[in-house]
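Architecture and fold: a report
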Amino acid sequence: MFKSSFAKYLTTFIVIILVSFLTLSGIITSMIQSFVTNELEVKLESTGTLLVQSVEKSNIISVSRDIGQIVPVVEPLTNFDKKFEVIVTDSEGDVCLTTVSVLSDAPVVDNAGRLGHIDVIKMFLPKEYNDGSTHFVHRGDLGGFLDGQYLVYAVPIMTGGTVRGYIMTLSSTVGEDNLVSHTRRAVITSSIWVMLAAVIAAYFITERIIHPLRIMTGAAKKFSKGDFSARVTVY
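Attention here is on the structure that accompanies the text. (Residues numbered from 1 in each chain as written. Predicted model: local features only at pLDDT ≥ 70, side-chain atom pairs only at ≥ 80, totals over all residues. Heavy atoms only, no water.)

Comments concerning the pairing of strand 2 (residues 95-98)
Pairing of strand 1 (residues 85-90) with strand 2 involves three bridges; the strand directions are antiparallel. Looking at the pairing, Ile 87 lines up with Thr 98 of strand 2. The turn joining strand 1 and strand 2, which pair antiparallel and follow one another in sequence, is formed by four residues; a positive phi near 95° is taken by Gly 93. (Pairing = 2+ DSSP bridges. Helix = DSSP H or I, 4+ residues; strand = E, 2+ residues; numbered from the N terminus.)

Concerning the nonpolar core
Within the largest apolar cluster, 23 residues are counted, with the highest numbers of intra-cluster contacts made by Val 63, Ile 67, Ile 70, Val 86, Val 88 and Ile 167. Taken together, the elements giving at least two residues each to this core come down to helix 1 (2-56), helix 2 (67-80), strand 1, strand 2 and strand 6 (150-159). Ranked by size, the runner-up nonpolar core spans 15 residues in total, among them Leu 146, Ala 154, Tyr 166 and Met 168. (Core = buried A, V, L, I, M, F, W, Y, C linked by side-chain atoms within 4.5 Å. Buried < 20%, exposed > 50% of the residue type's maximum accessible area, 1.4 Å probe, protein only.)

Notes on the pattern of salt bridges
Under the definition given, this model contains three salt bridges. Across the pair Glu 41 and Lys 127 runs a salt bridge whose closest N-O atoms are separated by 2.8 Å. Note that Glu 41 is positioned in helix 1 and Lys 127 in strand 4 (residues 125-128), a separation of 86 residues in sequence. A relative accessible area of 14% means that Glu 41 is categorised as buried. Between Arg 65 and Asp 66 there is a salt bridge; the shortest N-O distance is 3.3 Å. (Salt bridge = Lys/Arg side-chain N within 4 Å of Asp/Glu carboxyl O.)

Regarding the environment of Val 86
Counting through the fold element by element, Val 86 comes out in strand 1. Each C-alpha atom of the pair Val 86 and Gly 48 lies 8.7 Å from the other, and the pair is 38 residues apart in sequence.

Overview of the packing of aromatic side chains
How two aromatic rings sit relative to each other is set out by the distance from centre to centre and by the angle between their planes. Tallying each qualifying case throughout the model produces one aromatic pair. On the numbers, 6.0 Å between centres and 80° between planes, the contact of Phe 136 with Tyr 166 is edge-to-face. Linking Phe 136 in strand 5 (residues 134-140) with Tyr 166 in strand 7 (residues 162-172), this pair joins segments that are 30 residues apart in sequence. The pair Phe 136 / Tyr 166 is uniform in exposure class, with both members buried. (Phe/Tyr/Trp six-rings, centres within 6.5 Å; stacked < 30°, edge-to-face > 60°.)

Quick word on the sheet that holds strand 6
Reading across from one edge, 3-2-1-7-6-5-4 is the order of the seven strands in this open sheet, with antiparallel pairing throughout. Either end of the sheet is taken by a strand with one partner, and the two such strands are strand 3 (108-109) and strand 4.

Observations concerning the side chain of Asp 66
Here Asp 66 shows up in the loop between helix 1 and helix 2. A polar side-chain atom of Asp 66 sits 3.4 Å from the main-chain amide nitrogen of Ile 61. If sequence neighbours within four positions are ignored, Asp 66 has contacts with Ile 60 and Ile 61. (Polar contact = N/O pair within 3.5 Å; in protein donor to acceptor, adjacent residues only side chain to side chain. Contact = heavy atoms within 4.5 Å.)

Given below as structure tokens:
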């Protein structure tokens with residue numbers, strides 16, 4: 001009886017600890033991912049907004065035609081911070097400039113938009129602001145355009161109240177994903193060790209409680225059979 005009771009309570013104890021640590025792991029990794037993503041999104045947003053403001057000063061009418069005026073605006077950023085990449089599309093989503101997977105310091109330019117196509121409206125989630133402007137956020141590989149997972153922030157180029165194109169600032173999320181993965185693994189590993197320690201402690205504590213009861217039960221059975229020679233040690 002005691003063994004079955006111990007097994008039942010021990011199993012319940014292990015399940016409670018396991019569920020608690022798995023929940024804790026989920027909460028911690030979710031908080032880390034949210035913090036890192038928000039911080040990265042703020043940087044991409046501010047960078048993209050500054051680039052668009054600089055480009056709009058040139059009163060660009062056609063991104064594909066005036067891409068030569070955009071290149072000098074983009075180059076300083078890509079040379080300054082290698083973690084950030086830039087993609088420029090026209091209003092139809094045809095890519096006219098990209099720094100992604102470029103071996104040289106200069107971005108790849110094609111005013112015919114033959115570098116690829118990105119549908120901002122379909123792929124991105126809109127993010128509206130109080131001033132009436134709308135920016136766009138995407139997390140993924142842009143439908144296979146990118147080799148890996150990225151956080152992409154697209155800001156429309158507006159002149160004369162018309163969208164002329166989009167400037168996208170993006171950064172790989174590999175580092176963020178690795179951080180979350182390592183954190184989750186560390187929490188789970190710690191949980192296993194804590195659970196093992198708790199199970200061992202619970203076993204010895206329970207055994208210390210059950211042992212006297214087992215002796216008393218044996219003595220009571222002997223008494224019931226008329227054997228009064230049994231003795232119970234008082235702890």
